[in-house]
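Read off the chains here:
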Amino acid sequence: MKRLKELREERKWSQTELSMRSGVSQAFISDLEAGEKQPTLTTLTKLAKAFGVSVSELIGETPPKKE
C-alpha cells in the first residue's frame, strides 16, 4: 500500500512506531507496504485511526485533507 508508507513517512514514524500506535504488527505493516499482503477492513480501520484519517483516505480513494 503506497499510501500507507507515504502517511507513515510524512509523520516520520518508523514501522515500529506505527505498530505501537495501531496495534497492527510491524511485520504485517512491512508486508502491506511491500504489497505482499492485503489488509482486512479491521486492519485498515486500525491504521486509519492511528493516522487520524478516514479509511478511504488511507487507501487513496479521497485526496488528503488540507490543514
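This structure is a prediction, so every number in the text was calculated from the model and none was measured. (Residues numbered from 1 in each chain as written. Predicted model: local features only at pLDDT ≥ 70, side-chain atom pairs only at ≥ 80, totals over all residues. Heavy atoms only, no water.)

Q: So what exactly am I meant to see when it comes to the environment of D31 here?
A: Mapping D31 onto the fold places it in helix α3 (residues 26–33). On the accessibility criterion, D31 (19% relative accessible area) is buried. Discounting chain neighbours no more than four positions away, the residues touching D31 are E36 and K37. (Helix = DSSP H or I, 4+ residues; strand = E, 2+ residues; numbered from the N terminus. Buried < 20%, exposed > 50% of the residue type's maximum accessible area, 1.4 Å probe, protein only. Contact = heavy atoms within 4.5 Å.)

Q: Honestly, the packing of aromatic side chains in this entry has me stumped. Any pointers?
A: Aromatic ring pairs are described here by two measures, namely the spacing of the ring centres and the angle between the planes. Summed over all chains, the structure comprises one aromatic pair. Residues W13 and F51 carry aromatic rings whose centres are separated by 5.4 Å and whose planes lie at 10° to one another, so their mutual orientation is stacked. Note that W13 is positioned in the loop between α1 (2–10) and α2 (15–22) and F51 in helix α4 (residues 41–51), a separation of 38 residues in sequence. A residue is classified by how much of its surface remains accessible, and W13, at 13% relative accessible area, is buried. Judged by relative accessible area, which is 5%, F51 ranks as buried. Over the aromatic face of W13 sits the side chain of R11, whose NZ or CZ is 5.9 Å from the ring centroid. (Phe/Tyr/Trp six-rings, centres within 6.5 Å; stacked < 30°, edge-to-face > 60°. Lys NZ or Arg CZ within 6 Å of the ring centre and 35° of its normal.)

Q: Help me out: how do you make sense of α2 in this one?
A: Residues spaced three or four apart along an α-helix face the same direction, because each turn holds 3.6 residues. What α2 keeps buried is the set Q15, L18, S19 and S22. The buried residues of α2 occupy one face: seen down the axis, they fall within an arc of 105°. Looking at the residues trailing α2, positive phi occurs at G23, about 85°. (Arc of directions from axis to C-beta.)

Q: I keep staring at the pattern of salt bridges and nothing clicks. Help me out?
A: Two side chains carrying opposite charge are able to pair once their charged atoms lie near each other. Within the structure shown, the criterion is met by eight salt bridges. Residue R11 pairs with E10 through a salt bridge whose shortest N-O separation is 4.0 Å. Using a relative accessible area of 30% as the deciding quantity, one classes R11 as partly exposed. Between E17 and R21 there is a salt bridge, with the nearest N and O atoms lying 2.6 Å from each other. Here E17 pairs with R21, and both are found in helix α2, just four residues apart, close to one helical turn. Residue class for E17 comes out partly exposed when judged on its relative accessible area of 27%. You can call R21 partly exposed: its relative accessible area is 48%. Taken together, the shared-partner salt bridges connect K2, R3, E6, E10, R11 and E57 into one network. (Salt bridge = Lys/Arg side-chain N within 4 Å of Asp/Glu carboxyl O.)

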